[in-house]
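So the chains spell out like this:
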Amino acid sequence: MGSSTLTERNANPKAGRGARIGVNPTVDPLDRVRVDSTGQVLTTNQGVPIADNQNSLKAGLRGPVLLKDFILREKITHFDHERIPERIVHARGSAAHGFFECYEPLTDITIAAPFQAAGKRTPVFVRFSTVAGERGSKDTARDARGFATKFYTEQGNWDLVGNNIPVFFIQDAMKFPDLVHAVKPEPHHQMPQAASAHDTFWDFVSLMPESTHMLMWVMSDRGIPRSYRTMQGFGVHTFRLVNADGEAVFVKFHWSPVLGTHSLTWDEAVKISGADPDYHRRDLWEAIEAGQYPEYELGLQIFTEEDAAKFSFDVLDATKIVPEELVPVRPVGRMVLDRNPDNFFAETEQVAFCTAHVVPGIDFTNDPLLAGRIHSYVDTQLSRLGGPNFHEIPINAPIAPVHNNQRDGLHRQAINRGRVNYEPNSLAGGCPFQAGGAGFVAFPEPVRGNELRGKPEKFAEHYNQAKLFFDSQTPVERAHIIGAFRFELSKVTVPAIRERTVSMLANVSRELAEGVAAGLGMAVPAPMTPALARAPKPEVRESDSLSLFARPGDGSIRTRKIALVVADGVDAASVAALQAALLAQGAVPRLVGPRIGPVRGSDGTMLDADASIENEPAFLFDAMVLPDGDAAVDALMANGQLLEGLKDQYRHCKTILAFGASQRLVEAAGLPPTLPDGSPDPGLLVEPASNRASIARFIAAVARHRHWARESDPPRV
Ligand code: HDE
C-alpha cells in the first residue's frame, strides 16, 4: 500500500466520501476563524483603526503617558496574558493535519466511523511530543515520545492518545504523579532539564520493579528516534471494539511508519540538541512543506476475552505487550500527514487530546492506568485551556454537530437559542433528544467483586517481557541498551540507587547486568527478589518484531539529508551530477561550504552553498560527500570543523563518500579504511571519480542507513 502515489490513490473508485487529496476536511471548519491580514488596516481588538503603532499617547512629547491611551493598554494587556500553562507532561510537541484512510470495512468487529468503508477518509490532527522536557526544551532528549491522534469522525471526535513505546512505567494511575515528579527536574534546583539521568528518577524506578520492561524500551534506541516520521506509535492499553450486535473484541493499536523505524546514536543526539534543539520539529515541518508526506500504517491486534484469559500475562496491565507471535498485527488503514498547521499556538498548543474521547464502536477496558487517564485529560484542560468550553476552540471542535443542554462557562462561543436548556422538556418538542441505540452505548461488561485496593496476581510478574525485549534485540541494539543504562546510572550520585537498579537488571539478563555493572565499576549485585516466587512461563521468548531493524522501511533514500561539501576549486560537474541523482531519489542534498554564498568551481562554474560547515554541522546530515578538486581539498584540509564533522559522521556510522583528491581528508581525519575485523567498510566509499556506478554505490550505502559494523565501545574515532 505504501508505495502507490497519492494521485493514484485518489483515483481509487473506492475512495468513498471524504477529503479531496491535498485538501484536509478540517480546512473548511477552520476557515471560519482563519485570519489573513494581507491588504488590511491595523486595528484594535474592537476593530478600531490604529493611526500610530509606534508612539504612546503623551501630554507633550516629553510628558507623561496618559492612562486613557486605551490602544497602548490593550496591546500591553493582551501581551501580558499571551502565555498559557504548558502541559504538565508532553509539554514540547509538534503537530500536523492529515487523513486516515481505511483499507477495508471492519463492520464485523466495530461500528467506529473511520472503519466503515474501504477508502473512507477521516481527517486527523496528530501531535508528537517528548514527555519530560518543558515547552522550550530539546527534541532529541532520551525519552518516550507521544503520538496522539485526533480523528474528526461524523460520529464525534476519537482521540487515540498513544506513545512510541507500547508499554508504560507503571500499572496504576495512582502512581502517575509520583513517576512524573521523579523524572521532572528535581524540585530544589530544577535540574536536569529533559533528562531522566538523575537520582530521583532512578530512585523511584528502582523501587518500582514493574517499570523494568518500559526501562528496556526507553534505554533502547527507541528513546532517541531519528524523526517523528520514523517511529512507531502504540495505543498501549487494551481497548475494545464493538460491532452493531453489541459484540466486543479486545484490540491493541499499532502505527508503523512507511519509512521504517530509525533512531539516532546517543553521541549524535547530544550534539544535535546543541546545534538544533528543534531537530524533530524542523524535520516534520520540512518534510510536509516538501510534499514528502509522512505516512503510517495502522495495524490492529484483535483477540477475544477468552484468548486473553489464557495468556501468561494480564492484558489489563499496561506494562505488558501482546507479542505479535501470539496475536498478529492486521493492517487496516494508513494515515498521511499532508498539511502543516497555520498557527502553532492556535492548533498545536491548544489541541486537547483526551482518552475519554471515544466514539460508538470503541470502548475501554478495566486497565487501571487507563481509568486514571480517562479522568486526567479532561481535567487538565480545565486549567490549561481555562475552562469547560475548550471543546469550542477550533482545533478541538468536532466536525459532528454538538447539541446538548450544557451552557455558559468562561469563553463560551455557542449562542444557544430558545428558553429550553434542560431535558426532558416539552417546550422544545423534547429536543435535543436521546439517540438511544444509535448513540454511544457502553459495553455492558458484567462487574462483580468487593471494593478493595490491590492488583491481580499476574501484575506481579515484572521480568518476563523485559527479558523478551532484551533477548529479541540484535547485538548492536543490546550494546546500545547497555550503554544507555551505563550513561544514565553514571549520572546517579547515590551508589545504593545504582546498585539497586543493577540488581533489578540482573533479573532480566546476565549480559545486561554484567555490561552495566562493568561500566559503573561495580560488581554485579545479587538479583532483586522478584515479587512472584514462581513466574508464569512466557509463551514467546524471542520476537523479531521488537527490534528496530525489523522495519527497514521502503528501501528508498527519500528525505535523507545529504551534505555535499564544496569549496572554491571544487569539481563542480561531479557535484552537479550527484545533486541531480540524489534529488531524483527524493533525497535532500545541500551544498555545504566553509561559508554560505557563491563557490567557484575549478572550471569556473559558480555554485551556491546554502549551508556552512559552521551553521549546519555534519551530525545534522544522514550522509556526507567530500568533493574532488585539489584546491578545494587544500582549503578543507585546514578546516578543523570539517575534520571533526567527518569523525562524527564516521562515529555515528553514516555513509561517507570521498571523490578523488578528498581521500586526503579521510586520512587527515584518521578514519580507518577497514572495519575492526579487517574487512572493507561498506559505508566509507573512496571513489577515484564520480560516475554512474560510484553514485549508485553511494545511494545503496545511504539506503542502509547506518554501518554498525564500524561501531566499537569506546569509539575508535
Ligand atoms: Fe498521558 N497525560 N497520562 N500518557 N499523555 C497527558 O494531558 C496521564 C500515559 C500521553 O499531545 C496530559 O493534555 C496520566 C500513557 C500523550 O497533547 C495529562 C497517565 C500514555 C500526551 C496526562 C498517563 C500517555 C499525554 C498532560 C497515567 C501512552 C500528550 C497534558 C494514568 C498511551 C497529548 C494533557 C498531546 C498528556 C495524564 C499515562 C500519552 C496530565 C494520569 C500510558 C501522547 O492529562
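Residues numbered from 1 in each chain as written. Predicted model: local features only at pLDDT ≥ 70, side-chain atom pairs only at ≥ 80, totals over all residues.

Defined as follows: UniProt positions are given in the numbering used here, feature names are shortened, and annotations may be inferred rather than shown by experiment.
Going by an unreviewed UniProt entry, the protein chain carries the name Catalase and comes from Cognatilysobacter lacus. Quoted verbatim from the Sequence similarities (unreviewed entry) field of the UniProt record, the comment on the protein chain reads "Belongs to the catalase family. HPII subfamily." Per UniProt, the comment on the protein chain under Function (unreviewed entry) is "Decomposes hydrogen peroxide into water and oxygen; serves to protect cells from the toxic effects of hydrogen peroxide."

Examining the domain arrangement of the protein chain
Here is the rule: The domain boundaries here were taken from an automatic or database domain assignment. Amino acids outside the nonpolar list (Ala, Val, Leu, Ile, Met, Phe, Trp, Tyr, Cys, Pro) and the charged list (Asp, Glu, Lys, Arg) are all regarded as polar, and Gly is one of them.
Annotation of the protein chain at the domain level lists domain 1 (93-392), domain 2 (459-550) and domain 3 (561-710). Placing the centre of domain 1 and that of domain 3 at their C-alpha centroids yields a distance of 37 Å. By residue class, the composition of the side of domain 1 that touches domain 3 is two nonpolar, three polar and four charged.

Examining the sheet that holds strand β12 (residues 588-593)
Rules: Any two strands with at least two DSSP bridges between them are considered paired. A run of H or I in DSSP becomes a helix once it reaches four residues, and a run of E becomes a strand once it reaches two; helices and strands are each numbered from the N terminus. Think of it this way: build a C-beta for each residue from its backbone, and any pair within 7 Å is a contact. The axes are straight lines fitted to the C-alpha atoms, using for helices just the contacting stretch, and the angles between their N-to-C directions are given from 0 to 180°.
Spatial ordering of the open sheet is given by β15-β12-β11-β16-β17-β18, a layout of six strands whose pairing is parallel. Across the chains shown, the open sheet's two edge strands, defined by having one partner strand only, are β15 (611-612) and β18 (684-687). Direction of pairing for strand β16 (residues 623-626) relative to strand β17 (residues 655-659): parallel, over a ladder of four bridges. Each residue of the ladder has a partner; that of Val625, found in β17, is Leu657. Taken strand by strand, helix α16 (residues 572-584) contacts β11 (561-565), β12, β16 and β17, and its axis lies near 175° from that of β11.

Regarding the environment of Ser129
Threshold: Residue burial here comes from a neighbour count, namely the number of other C-beta atoms, placed from the backbone, that lie within 10 Å of the residue's own C-beta, with 20 or more meaning buried, 12 or fewer meaning exposed, and in between meaning partly exposed.
Within the fold, Ser129 resides in strand β2 (residues 121-130). The buried category is assigned to Ser129, around which 27 C-beta atoms lie within 10 Å. Distance from Ser129 to His90, taken between C-alpha atoms, is 5.5 Å for residues 39 residues apart in sequence. Other than its neighbours up to four places away in sequence, Ser129 contacts His90, Arg92, Gly93, Arg145 and Gly146.

With respect to the packing of helix α6 (residues 212-219) against helix α12 (residues 464-471)
Put simply, the rule reads: Oblique is the label for every angle not falling under 35 degrees (roughly parallel), over 145 degrees (roughly antiparallel), or within 65 to 115 degrees (roughly perpendicular).
The contact between α6 and α12 brings their axes to 7 Å, and the two run at 25°. Taken as axis vectors, α6 and α12 run roughly parallel relative to one another. Packed against α6, whose contacting residues are Thr212, His213, Met216 and Trp217, the element α12 presents Gln465, Ala466, Phe469 and Phe470 at the interface. Looking at the contact of α6 with α12 residue by residue, the classes come out as five nonpolar, three polar and no charged.

Describing the site of the ligand
Spelled out, the test is: We call a residue near a molecule or strand when its C-beta atom, built from the backbone, sits within 6 Å of it.
The environment of the ligand is formed by 25 residues, the closest being His90, Gly146, Ala173, Val236 and Gly372. Among the secondary structure elements, those contributing two or more residues to the shell around the ligand are β2, β3 (145-153), β4 (156-163) and α11 (368-384). The biggest single contributor to the shell around the ligand is α11, with six residues. Partitioned by chemical class, the residues of the shell around the ligand number 13 nonpolar, nine polar and three charged.

Thoughts on the environment of Ser383
Looking at the secondary structure, you find Ser383 in helix α11. The class of Ser383 is exposed, set by 11 C-beta atoms lying within 10 Å. Remark: the alpha-carbon pair of Ser383 and Ala693, spanning 310 residues in sequence, is separated by 61 Å.

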